[in-house]
Amino acid sequence: MKIRNIFMALAIMLFSFSSCSDFLDRDPDTILSEDEVFGDAIMIKSVLSNFYGRITWGQHIDDTYLYTILDEASKSDGGPDNRQEFENDRWRVYDYTLLRNLNQFLKGVRASTVLDDKTRDQLEGEARFIRAWLYFNMVRGMGGMPIVGDEVFDYTPGMDITTMQYPRSTEADLYEYIISECEAIKNILPTEPSVNAARATKWAALMLKARAAVYAGSIANYNNKMSAPIQTPGGEVGIPANLAKGFYETALLAAEEVINSGQYELQLSKPDDRGRNFYEALSVKENNKEVIWARDYKYPGQTNGFTQANIPPSHAEDIDRAYAGPILNLVEDFEYIDDRDGQIRIKDAAGNYVYYNNPEDAFANKDPRLWGSIIYPGADFKGSPVVLQAGQKYWENNEWKTLTSDPGRRDANDILITSVNGPNMTNDQFINKSGFFFRKFLDETPSASTRGRRSEMWFPRFRFAEAVLIAAEASLELGESGKALNYINMVRGRAGIQNLESITFDDIVRERRTEFAFEDHRYWDLKRWRLAHTVWNGIQDDPKAQQWGLFPYLINQPGNENHAKWVFEKVKIHMSPYPRYFQMRNYYNFIDQGWINNNPKLVKNPYQ
């Protein structure tokens, strides 16, 4: 086995070593032998570090465009995105090269003589965790795929290649394999949280076990309730309904093990400012008690451009800004503190505008998680307000008319017309088109939005609130509604909104939507619940499938009782003119024909 020293780069960022190795001084094109790699403890950790850097899939803060695909955010940069349908390979993961590298690593670690038993066990546990995470990302997209165990395939001329061709497992068997791997490794992984949650621990393994189990339970449950369940004759796609209960029980037990561990909590360090508290629980690493496992970033070398791309223009530190913005669809799913109807009041029953003294008043008493996730008109960022103003309204010929301008221009009386932040209906670059900016994962650190530095913001993959909501969901599906209610109210109580007196499946759907916005849950949740085709139905102007924005306007009519007040208009976002259309074929990625050519034992997925 040969391992290139390109693997070393991430070691410096993900691990803090106090000593150096001669291996780190080798030229980038140096090829290292198996003995060189596994004869040096630092080199071994360098290779493991590389694996952590290769497992960023789905939505993530290295690519803002990925947030504009669903019903969370829309593009603001450049011309319209004519997307409507979902690709057959959207977020598809098929990385048997990484799988082989992990198995090579496991073989080398087990044989290494430079590691003590505790370190060897931990490194094995981490590699197997990454392998289980890889399988999880494959199964949630494609269903059952070949399980190769610890096998390392080395081809030699003349050998029977069919021995290296494994058939696809059933979808149920691959979920079971992931669950069993997490259970097997949990006690050889550390129990103490890792620095910046960057490395796998016992609790990360339990979270993966819980998530895999609740996904499998959902598919066994809801797929079989469809009029035409999606399945293949061999079970590569589709899980028998009678397995749902067992998967839900596994999910509940694993989630409760995390909940009862005492290692993490629903972070509430600022009970008097629940919005700020939620932002910090997700976006601030220091003294964090919420995040269990994250993709970490560290300057220099490993930074991301999410803040650089999405910072409001009024707060920008470089040329980049306002690439995308959250949409009204998401904003209105956030409840009010004492009212579950989250719709923003735009007009009254008679069709007249609702007037606000300040634009932020429209969001008063909203679920504080809205403030912690999204910058809405008038809200502060880094201590100063983010002015979002689409234009002015004035009264003429018995109707309100609209005045707009180039960003930042003021009228003859020095009154702002259209804010430098927007929103507007043009195709201009660097100006908002939705009426909202991201807050979650937007870095408040000075220079974080510059090209020269960028951001160290992490991206949480598992956090304590997910354990609680998995427990709520699994309990509800198992008929334990009292327990489910207690768990969901834990999350709602931390948020600062009213407790539920009873719980339904729709409550679970909505709670996960608002708690986990922008965290790579929405797409997979709607898929596993078999709701994606009903939400993203492709119907023009449907309030769920179409992307909507909210434009604030200043009333500029001296002498009118509403002068200097604010009104809003709901607009179809012109950057996303078509409604999202999720079809039955999108529930499972297509199996690439090239893979089948290399391995004829692979079978195609439904609708191919």
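Before any of the text, the structure's been laid out above.
Calculation notes
Residues numbered from 1 in each chain as written. Predicted model: local features only at pLDDT ≥ 70, side-chain atom pairs only at ≥ 80, totals over all residues. Heavy atoms only, no water. 1 Å grid on protein atoms, 1.4 Å probe; cavity = no way out; pocket = protein on both sides within 12 Å on 5 of 7 lines; lining within 4 Å. Points joined across faces, edges and corners; volume = space filled by probe spheres on them. Helix = DSSP H or I, 4+ residues; strand = E, 2+ residues; numbered from the N terminus. Nonpolar A, V, L, I, M, F, W, Y, C, P; charged D, E, K, R; others polar. Core = buried A, V, L, I, M, F, W, Y, C linked by side-chain atoms within 4.5 Å. Buried < 20%, exposed > 50% of the residue type's maximum accessible area, 1.4 Å probe, protein only. Contact = heavy atoms within 4.5 Å. Expected span 1.5 Å × (residues − 1). Pairing = 2+ DSSP bridges. Axes fitted to C-alpha atoms, helices over the stretch in contact; angles between N-to-C directions.

Undergrad: Residues and numbers for empty space enclosed by the protein, please.
TA: All told, the structure shown has four cavities of 30 Å³ or more when counted by the stated rule. Approximately 120 Å³ is the volume found for the largest cavity. If you trace the largest cavity, you find 15 residues lining it, with Trp-57, Trp-133, Phe-459, Arg-461 and Asp-520 closest to the centre. Elements represented by at least two residues in the lining of the largest cavity include exactly helix H5 (117-142) and strand E12 (459-463). For the lining of the largest cavity, a count of residues per class yields five nonpolar, five polar and five charged.

Undergrad: Give me the lowdown on the nonpolar core, citing residues and values where you can.
TA: Counting residues in hydrophobic clusters, the biggest one holds 116 residues, and the most contacted among them are Phe-129, Tyr-175 and Ile-178. Setting aside chain neighbours within four positions, we find Phe-129 in contact with Ile-185, Ala-200, Ala-204, Ala-205, Leu-208, Trp-293 and Phe-462. Core analysis: the second largest hydrophobic core is formed by 48 residues, Ala-294, Phe-363, Trp-548 and Trp-566 among them.

Undergrad: Describe helix H14 (residues 481-495), with residues and values.
TA: With 15 residues, H14 extends 21 Å from end C-alpha to end C-alpha; this agrees with the ideal 21 Å at 1.5 Å per step. The elements touched by buried residues of H14 are helix H8 (244-259), helix H9 (274-283), helix H12 (368-373), E12, helix H13 (464-477) and helix H15 (505-515). Among the residues trailing H14, Gly-496 stands out with phi positive, at a value near 100°.

Undergrad: I'd like a rundown of the sheet that holds strand E10 (residues 399-403), residues and numbers included.
TA: Read from one edge to the other, the open sheet built from four strands follows the order E10-E9-E13-E14, with strand pairing classed as mixed. The sheet is open, and its two borders are formed by E10 and strand E14 (566-572), each paired with just one other strand. Recorded for the sheet is a direction-independent mean angle of 40° between the axes of neighbouring strands. Of the pairings in the sheet, the one linking strand E9 (residues 391-396) to E10 comprises five bridges and is antiparallel in character. If you follow Lys-393 over to E10, its bridge partner there is Thr-402.

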